[in-house]
Amino acid sequence: GGDETAKDNAVIKAINDINATDRTKTAVDWLRYYSVLMFFPADRSAAIADEVLRFADEPRKKSLNGDKKGIASEFEELMKRVSSVAPLTKTGEPRRLTSLTSKALWCVYPEDVPIFDKNALTALTVISRLCQIAPEPNQSDYARFVDVWLQVYNQVEPFISQADLSDCPYKVRALDRLLWYLGQVGFYEDRTSSTT
C-alpha cells in the first residue's frame, strides 16, 4: 500500500472528524492523488469535496454490509450532488463522474464500496468472462460493476481475510488494488522494458 495507505487513512480520518479544520483540503488532496480532479478549477474541486463532506456528515448507516442495491443507491445520491457542482467539459457537456463518485463514496464507506476505474473495469471484465459471472440486467454502469465486483469479492474474501493486511486495513481495497494492477494496459510493456 505504501503512500496509498497513508493517504487513505488521512482522508478517512478527515471524513469522520467533523471538527477537523482542513477537511476540504484533505479530501481535495486525496481526490487529486487518485487523478479524478484533473484539470478541475480549484473552486470546483473544493465544491466537490464540500458536497462529499456534507453527504458524509448526514445521518447514515455505518455500513452497507455488501448490499449492492444500498451501495448503488448511495452512489446515485452522491453522484447527483457531485454533478451539481462539477465543471462542464470544454464542449459544455456534463462530465463522466463515475470514478470520482465511487472514490468519494469509498471515503464514506471504506469497508463496503468498490472503487470504479478503468483498470478495475478492464480486469473485472476479463475475470467475469473467464468465470462466467454476469450482472443482473437493466442496471446502471456502476451498479453492474458493483454486482460483478461483489460476486468476485465473495469468492476471494476468505483469502483476503487470511492475508497480512497491515498495510491495507480495508479488505475491499485489497481487491481494488489487485484489480487496478491486473487491469493496467501497459503491464507487459512496462515489465519488458524494465528488464532490458
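A brief report on the enclosed structure follows. (Residues numbered from 1 in each chain as written. Predicted model: local features only at pLDDT ≥ 70, side-chain atom pairs only at ≥ 80, totals over all residues. Heavy atoms only, no water.)

1. Some thoughts on the pattern of salt bridges
Inspection of every chain in the model, using the stated rule, returns 17 salt bridges. Residue Arg23 is joined to Asp57 by a salt bridge in which the shortest nitrogen-to-oxygen separation is 2.8 Å. In this pair, Arg23 sits in helix H2 (residues 23-33) while Asp57 sits in helix H3 (residues 42-57), placing the two residues 34 residues apart along the sequence. Owing to a relative accessible area of 8%, Arg23 belongs among the buried residues under this scheme. A salt bridge links Glu77 to Arg60; the shortest N-O distance between them is 3.7 Å. Of the two residues, Glu77 sits in helix H4 (residues 68-85) while Arg60 sits in the loop between H3 and H4, which places them 17 residues apart along the sequence. (Salt bridge = Lys/Arg side-chain N within 4 Å of Asp/Glu carboxyl O. Helix = DSSP H or I, 4+ residues; strand = E, 2+ residues; numbered from the N terminus. Buried < 20%, exposed > 50% of the residue type's maximum accessible area, 1.4 Å probe, protein only.)

2. With respect to empty space enclosed by the protein
A full pass over the atoms with the stated rule returns one cavity of 30 Å³ or more. Volume-wise, the largest cavity comes out at about 30 Å³. If you trace the largest cavity, you find it lined by Val11, Ala27, Trp30, Leu31, Val52, Ala104 and Cys107. Of all the elements in the fold, those that place two or more residues in the lining of the largest cavity are H2 and helix H5 (98-108). With three residues, H2 is the single largest residue contributor to the lining of the largest cavity. Within the lining of the largest cavity, the residues separate by chemical class into seven nonpolar, no polar and no charged. (1 Å grid on protein atoms, 1.4 Å probe; cavity = no way out; pocket = protein on both sides within 12 Å on 5 of 7 lines; lining within 4 Å. Points joined across faces, edges and corners; volume = space filled by probe spheres on them. Nonpolar A, V, L, I, M, F, W, Y, C, P; charged D, E, K, R; others polar.)

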